[in-house]
Amino acid sequence: MPKLIRPSRRAVLAGGTAFAASLAMPAISRAASRPAFTHGVQSGDIDMMSGMIWTRTDRPAKVTMEVATTESFSDARRLAPLDALPESDFAVKRLVEGLPAGQDVFYRFTAADLSDINAVSEPITGHFRTAPGSRRSIRFAWSGDTAGQGWGIDDTGMKTYAAMAGHEPDFFLHSGDTIYADGPMEDEVEKDGQVIWKNALLIPEKRKVAETLDEYRGQWKYNMMDEHVLAMNAAVPTFFQWDDHEVVNNWSASKDLTADDRYSVKSVELLAARAARAFHEMTPIRYTPAEPGRVYRKVSYGPMLEVFFLDLRSYRGPNSENMQDELTDASRILGAQQMAWLKRDLTQSSATWKVIASDMPIGLVVGGGEEAVANGDNGPAKGRELEIAELLRFIKTANITNTVWFTADVHYTAAHYYNPDKARFQDFAPFWEFVSGPLHAGTFGPNDLDMTFGPEVKYVKAPTEEQGANLPPSAGLQFFGLVDIDGTTQQMTVRLMDRADTELWKITLDPEGMAI
């Protein structure tokens, strides 16, 4: 694996937001006359023949890219360069095509100063593995919720990322709340008069809520100052989706910031536009020409797996009591266009497993029933439940098998089995939903269940009543999940893990309609 040379915390603190040459760079290259890469590398949305790569420079630069199937780059293929300019905050990303299936791919960036083209950086490298063209075993990790509730980068850092990277997954599925743009941090956190947490590393953008484009960008750059995040980004691709904290807590068209003195910008639409631009600039998510800025999409990862990423934020109706009797634009959470896409692509999928990556769970009551799908009345489908009922009925009627839901958002880990025999709405086939997170944020829960779709809790780990809510990462209740699909049997094994890399719970699912 490519090795990342990381700075001391003192060096990073001394550099503040301009800690340019200190990340992933040999000391010899740190002269001010040469460009530097500031926040490592990222890859994402990898399939059998292509994938996205990303990096960021410290100045206007012409960035040269090479890809190879050997770590020595003996067979390197040079790609056309890209210009890193202030308009994109010096971030560049591109789709690399024409790759062999099932292959370890190494990529390398080099930057030349656009003001002095002879001033050239040291290279920075990364790695990913393309999806297999035939049946081979696959492993991916998933979780959500990074740097929330005031818990930032302490002396330990975001340790859960190191635990995930140790399992060498093919990819990491980040289920949302990838940043906390609405959660300012302080140097220390106190409880009962005692300091229980010290943020060893902070930048100005993390000391207030994000309102400007640069402040939203700063949220992303902060997370990429953590040594564990940097190391995993260089070795493992991340498939991103978003939820609410990328913009502001519980945002929808009905969000009112009038009384929130932290915000001078009161327009949620303007905040969302700036947040969306930063999200796409700072992540290796693919660009969709038909709808620039789209988050929902499908990633095909070989013959056994397709991942369907949902966006439960961008097309929802205004948050309300969530008790509408009819499915209208006001009661939707997916939106008609996203729903049509999902039905069409699920129907066309020939993959053994269809993973539905949702940024919010289906049957847990969030925000008093106004914020997510479940409204908390335990009755027939109403409000946003109507749209999910339509989807579940369609999956059953179209005989779409082996759908499994993965999600985060609620800051604890759980396994839910949706059983129509226990549900008020029963016209669906049973399925599993697995919940993970937080990666590095406060721990909460467990949330109340809504029995409209008959969820049964098969496992849960959350703070006890005595422990209370918003536990720091140092309390150990930080969670991720691992999914293994066996290349021979096609069975899916799901493990729920904690940041100490302890296996908490495990289940193996047999694929319906497949010979084991």
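What you see is a predicted model, and the numbers here were worked out from it, not measured in a lab.

## Some thoughts on the pairing of strand 16 (residues 353–357)
Taken across its 5 residues, strand 16 has 5 buried, putting it largely inside the fold. Alternating positions in strand 16 separate into two faces, W353, V355 and A357 on one and K354 and I356 on the other, with burial throughout. Relative to strand 16, strand 15 (residues 305–309) runs parallel, the two sharing 5 bridges. When the bridges of strand 16 are listed, F308 appears paired with I356. In this fold, strand 15 hands off to helix 6 (residues 336–348), which returns the chain to strand 16; that crossover is right-handed.

## Quick word on the sheet that holds strand 14 (residues 297–300)
The 7 strands are arranged 14-15-16-17-19-18-20 in an open sheet whose pairing can be described as mixed. Each edge of the open sheet is held by one strand with a lone partner, namely strand 14 and strand 20 (455–461). Averaged over all adjacent pairs, the angle separating strand axes in this sheet is 20°, with direction ignored. Helix-sheet contacts for helix 6 involve strand 14, strand 15 and strand 16, and the interaxial angle to strand 15 is about 175°.

## So, the pattern of salt bridges
Counting across every chain of the model gives 35 salt bridges. Note that R294 is salt-bridged to E291, the shortest N-O span being 3.0 Å. The closest approach of N and O atoms between R316 and E371, which form a salt bridge, is 3.6 Å. Here the residue R316 occupies a position in the loop between strand 15 and helix 6, and E371 occupies one in the loop between strand 16 and helix 7 (385–397), the gap between them amounting to 55 residues. Like E371, R316 is buried.

## A look at the confidence of the model for the chain
On average, residues of the chain score 94 in pLDDT, and 94% of them reach the 70 mark or higher. Within the model, the stretch residues 1–30 combines pLDDT values under 50 with 68 contacts to residues more than four positions away or in other chains.

## As for empty space enclosed by the protein
All chains considered together, the criterion is met by 2 cavities of 30 Å³ or more. In this model, the largest cavity occupies a volume close to 130 Å³. Along the walls of the largest cavity sit 14 residues, with Y161, W220, V229, N233 and F240 positioned nearest its centre. Elements represented by at least two residues in the lining of the largest cavity include exactly strand 10 (171–174), helix 3 (213–223), helix 4 (227–235) and strand 13 (238–240). Among the residues forming the lining of the largest cavity, the class breakdown is 7 nonpolar, 7 polar and no charged. Of the voids in this model, the second largest cavity is the one considered here, and its volume is about 40 Å³. In terms of lining residues, the second largest cavity is bounded by L310, L312, L334, S358, M360, I362, V373, I388 and W405. Class assignment of the residues belonging to the lining of the second largest cavity gives a composition of 8 nonpolar, 1 polar and no charged.

## Thoughts on the packing of aromatic side chains
Applying the stated criterion across every chain, the model contains 30 aromatic pairs. Here the aromatic residues F140, W142, F171, F239, Y301, F309, F406, Y417, W432, F434, Y459 and W505 are joined through ring pairs into a cluster of three or more. For R108, the ring lying beneath its charged end belongs to F73, and the centroid distance is 4.0 Å. In this arrangement the basic side chain of R297 is found over the ring face of F309, its NZ or CZ atom lying 4.3 Å from the centre.

## Points about the environment of R217
Looking at the element boundaries, R217 is found in helix 3. Classification of R217 by relative accessible area gives buried; the value is 4%. Measuring from C-alpha to C-alpha, the distance between R217 and E281 comes to 8.2 Å, with 64 residues separating the pair along the chain. Ignoring anything within four residues of it in the chain, the contact list for R217 reads P86, E87, S88, D89, R277, A278, E281 and M282. Within the structure, R217 has its side chain in polar contact with the backbone oxygen of E87 (distance 3.0 Å).

## Considering unusual backbone geometry
G437 connects to P438 through a cis peptide bond whose omega is 5°. Inspection of the secondary structure puts P438 in the loop between strand 19 (431–435) and strand 20. Residue P446 is reached from G445 by a cis peptide bond, and omega for that bond is 0°. With respect to the helices and strands, P446 occurs in the loop between strand 19 and strand 20. One non-glycine residue, F73, adopts positive backbone phi at about 60°. With respect to the helices, strands and loops of the structure, F73 is situated in the loop between strand 3 (61–68) and strand 4 (77–84). The phi dihedral of N322 is positive, around 65°, even though this residue is not glycine. Secondary-structure assignment places N322 in the loop between strand 15 and helix 6.

Parameters and conventions
Residues numbered from 1 in each chain as written. Predicted model: local features only at pLDDT ≥ 70, side-chain atom pairs only at ≥ 80, totals over all residues. Heavy atoms only, no water. Buried < 20%, exposed > 50% of the residue type's maximum accessible area, 1.4 Å probe, protein only. Helix = DSSP H or I, 4+ residues; strand = E, 2+ residues; numbered from the N terminus. Pairing = 2+ DSSP bridges. Right-handed = clockwise from strand over helix to strand, strands pointing away. Axes fitted to C-alpha atoms, helices over the stretch in contact; angles between N-to-C directions. Contact = heavy atoms within 4.5 Å. Salt bridge = Lys/Arg side-chain N within 4 Å of Asp/Glu carboxyl O. pLDDT = per-residue confidence, 0-100. 1 Å grid on protein atoms, 1.4 Å probe; cavity = no way out; pocket = protein on both sides within 12 Å on 5 of 7 lines; lining within 4 Å. Points joined across faces, edges and corners; volume = space filled by probe spheres on them. Nonpolar A, V, L, I, M, F, W, Y, C, P; charged D, E, K, R; others polar. Phe/Tyr/Trp six-rings, centres within 6.5 Å; stacked < 30°, edge-to-face > 60°. Lys NZ or Arg CZ within 6 Å of the ring centre and 35° of its normal. Polar contact = N/O pair within 3.5 Å; in protein donor to acceptor, adjacent residues only side chain to side chain.

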